[in-house]
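The lines below spell out each chain.
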Amino acid sequence: MRKIVHLDMDAFYAAVEARDDPALRGIPMAVAASARHGVVMTASYPARAYGVRSAMPTARALELCPRLVLVPPRHDAYRAASLAIRAVMRRFTPLVEPLSLDEAYLDVTGLGPSATGLARRLKAEIRAETGLAASAGVSFNKFLAKQASDLDKPNGLAVIRPNEALAFLAALPVERFHGVGPASARRLHAAGIARGADLQTRPEHELQALLGSAGRHLWRMAKAEDDRPVVPDRPRKSLSVETTFEDDLEGPDAVAAALPPLAADLEARIVRAGFAGNTLTLKLRYAPYRLRTRQAPLAAAPILDGARRLLARSPLEGPVRLLGLGISKSETLTIEEQLALPLG
Amino acid sequence: MQRNANRTKPMKLVIERAALLKSLSHVQNVVERRNTIPILANVKLDAQGERLGLTATDMELSLAASEPARVAEPGMTTVSAHTFFDIARKLPDGSEIALEQAEGSGEVTLQAGRSVFTLPSLPGDEFPAMAFEDLDVRFRVPVEDLKRLIDKTRFAISTEETRYYLNGIYLHAAKAGATSTLRAVATDGHRLARVEVDLPEGAKDMPAVIVPRKTVAEIRKLIEGIEGEVQIAVSPSRIQFMLERAILVSRLIDGTFPDYERVIPTGNDKAAVLEAKPFADAVDRVATISTERARAVKLRFEPGRATVSAVSTEAGRAVEEIDADYAGEPLEIGFNARYILDMMAEIDGGQVRVEMANAAAPTLVRDPGDAGTAYVLMPMRV
């Protein structure tokens, strides 16, 4: 059984603006490119209370909430925040699939006993490093994780467990399933299908006859059979090795003695992969699940020297259960970004 | 198989390999490689009068075609589309193919020259025909117009699943000034292509529809090398293309196409006119250096010239200068080279007009020789 986290930043653009300008906190405000024409990109939660929504024409938003404060977008600030958030997520796992600047899936299978605890730490670290709140959904597939992140917004954390999944899906209106637009919804309703429960009891071929291949997809979603993998969106940007010790390593000398085989292993892999990085990372996991990383630019000196310097940089926080070494390319090197058409 | 076997009816005919292949090569294309419903892997054979009808479906679209045949015993059955096609393909030129199914048999015998194949069959009356709805809007489009609508837009169709309503061509009736037009639009969220042709008689009240990518690809193959007109019938959920020897019926994408006119800029005041081929060639050469997937190139416009350049942390640098008719303030703007090249492949005239506002706003690209097309490119930050 997989463990998937869907992370969704709360009112992302509006939250970045409120973080950077205290005058915008707690008031109805929205980010919009133009006050006269154009649409709301993101509305703050106080603005949402008036019914202001994303993609709504700004004129309509001002009708609903005359004292709405409109702020022009600062895309560079959103990109910077997004990069920082992704960096936090990638400290937990390389299996991060960003869906947009403010939304991503993480596959955290096998990373400790509690995916929920991990999601809580993820939220806390994002908060600490960016000052922004996120909502997380935890479940065993992408569709359910995404549904879960919606359950407890803002600043929420919700879990859909395997034994709850079918009941949750049974209660879900068909409109909430991915790919069901107004016309499909009408067709489903005409066939007496209003909720997930109706999808679960119909045979697959009936839904396929009704909606084509979208019907098959829908049937599988309703049965909690969503095996779409979390696909990291970028080519290899890092390479790492690690070892877990049967007996925790006590003290810096014991840890230092464990470094040479790791460094040799990493060097061999770098040669095999033909990969050139510019940052060295030392990973230390203390018992039971406290993970710390230390990073430094990779000098021309052997990796082992760099690893020793990182180890000596500050004292250990306790016995070490897992030790890892990795190299990566720092993200700031890739600054190209394809802009999106403002389709709404 | 046993349950089905006793319901099959006899069928017997002879067809020329060349005629069979002409239709079967199109029809078998529709069949998906993997199917959960076994009969969807099959092609329906329907021998009636002096013709053999061939039909395949993936439940999204159905393609039916027919070819002349000598029918000794009218009837229908279904056999594996890909197996049937492979056999027909490998038979020698000029072969005559005899097909026969005995009453109550679950097998079809195919004979050509000294080759005999016996293929398992499923009954023709169990083949899922796609439901026809009230397709009351019907009109005829010249083949050349249909090709134009498809060719000038399909490269911009999105493949991204999450925005499924962009996974096709948006086809609708529109007004261009006083003229009524049939318009096709496609976008992947980064670029957009719009083309129009004269509105055919009878198309005025057509619903605006999103034709799925696969349907676009299939109809485009069907009209290759054909002249004349295609009859189109359309409802809010179906579109049907009728050719002389084939009918394609397809579901439409259920969704709302975004208000695309909003993103087509009208007041971009920095305009450059470039020679089309030297521009495309320069972008292609310079992009050799661009990084990874992004393939970014930078364009710098100055009075009288444009510079195309690319920088990569690993692969080096490239720069090329071309002539440009440009009189505005110097402007630097980045684009995905792939997007420029896809678009330039559809510019038929010798020149291209690039209208920009700034380095972060939608850029309009026109073919000065073709007022019916417009392309919008979103820049890259570089």
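Colleague: Help me understand helix α7 (residues 337-344) of chain B in this model?
Modeller: Of all 8 residues making up α7 of chain B, 7 are buried, and the element is well covered by its neighbours. Taken together, the buried positions of α7 of chain B are A337, Y339, I340, L341, D342, M343 and M344 of chain B.

Colleague: Mind showing me how you'd approach the packing of aromatic side chains here?
Modeller: Working definition: an aromatic ring pair is given by the centre-to-centre distance plus the angle between the planes. All names here are of chain A. Taken as a whole and judged by the stated rule, the model has 10 aromatic pairs over all chains. With a centroid separation of 5.3 Å and 20 degrees between ring planes, the pair formed by F143 and F177 is classed as stacked. Placement of F143 in helix α6 (residues 142-149) and of F177 in the loop between α7 (162-171) and α8 (182-190) is noted, with a sequence separation of 34 residues between them. On the accessibility criterion, F143 (5% relative accessible area) is buried.

Colleague: Hey, could you run me through the pairing of strand β12 (residues 179-187) of chain B in this one?
Modeller: On any regular strand, side chains alternate: one points to one face of the sheet, the next to the other face. Residues and elements named next belong to chain B. Of all 9 residues making up β12, 7 are buried, and the element is well covered by its neighbours. Two strands pair when backbone bridges link them, and strand β11 (residues 168-176) and β12 are joined in this way by 7 bridges, in the antiparallel orientation. Its bridge partner being in β12, A174 is matched across the sheet by T181. Two strands pair when backbone bridges link them, and β12 and strand β13 (residues 191-198) are joined in this way by 7 bridges, in the antiparallel orientation. The residue bridging A186 from the neighbouring strand is A193, located in β13.

Colleague: Explain the side chain of D10 of chain A to me, please; I cannot follow it from the model alone.
Modeller: Residue and element names in this part refer to chain A. Tracing the sequence through the fold places D10 in the loop between β1 (4-9) and α1 (12-20). Judged by relative accessible area, D10 falls into the buried class, the value being 4%. Of note is the side chain of D10, whose polar atom sits 2.9 Å from the side chain of S135. In contact with D10, other than residues within four places in its own chain, are A15, Y45, A133, A134, S135, K153, P154 and N155.

Colleague: Explain the packing of helix α6 (residues 276-286) of chain B against α7 of chain B here, please?
Modeller: Residues and elements named next belong to chain B. One can describe the packing of α6 onto α7 by two numbers: an axis separation of 10 Å at closest approach and a directional angle of 150 degrees. Classified by the interaxial angle, the pair formed by α6 and α7 is roughly antiparallel. Where α6 crosses over α7, the handedness of that crossing is left-handed. Of the residues in α7, those in contact with A276, F279, A280, V283 and D284 of α6 are A337, I340, L341 and M344. Counted by class, the contact of α6 with α7 contains 8 nonpolar, no polar and 1 charged residues.

Colleague: Help me understand the pattern of salt bridges, please; the structure alone is not making it clear to me.
Modeller: Oppositely charged side chains may form a pair once their charged atoms are brought near each other. Residues and elements named next belong to chain B. In total, this model carries 50 salt bridges over all chains according to the counting rule given. With a shortest N-O distance of 3.6 Å, K152 and E346 are connected by a salt bridge. With K152 in the loop between α4 (143-151) and β11 and E346 in the loop between α7 and β23 (351-356), the pair connects residues that are 194 residues apart, well separated along the chain. An identical accessibility class is assigned to K152 and E346; each is buried.

The rules behind each value
- Residues numbered from 1 in each chain as written.
- Chains lettered and ligands numbered in written order.
- Predicted model: local features only at pLDDT ≥ 70, side-chain atom pairs only at ≥ 80, totals over all residues.
- Heavy atoms only, no water.
- Buried < 20%, exposed > 50% of the residue type's maximum accessible area, 1.4 Å probe, protein only.
- Helix = DSSP H or I, 4+ residues; strand = E, 2+ residues; numbered from the N terminus.
- Phe/Tyr/Trp six-rings, centres within 6.5 Å; stacked < 30°, edge-to-face > 60°.
- Pairing = 2+ DSSP bridges.
- Polar contact = N/O pair within 3.5 Å; in protein donor to acceptor, adjacent residues only side chain to side chain.
- Contact = heavy atoms within 4.5 Å.
- Axes fitted to C-alpha atoms, helices over the stretch in contact; angles between N-to-C directions.
- Parallel < 35°, antiparallel > 145°, perpendicular 65-115°, else oblique.
- Left-handed = near helix turned anticlockwise from the far one by under 90°.
- Nonpolar A, V, L, I, M, F, W, Y, C, P; charged D, E, K, R; others polar.
- Salt bridge = Lys/Arg side-chain N within 4 Å of Asp/Glu carboxyl O.

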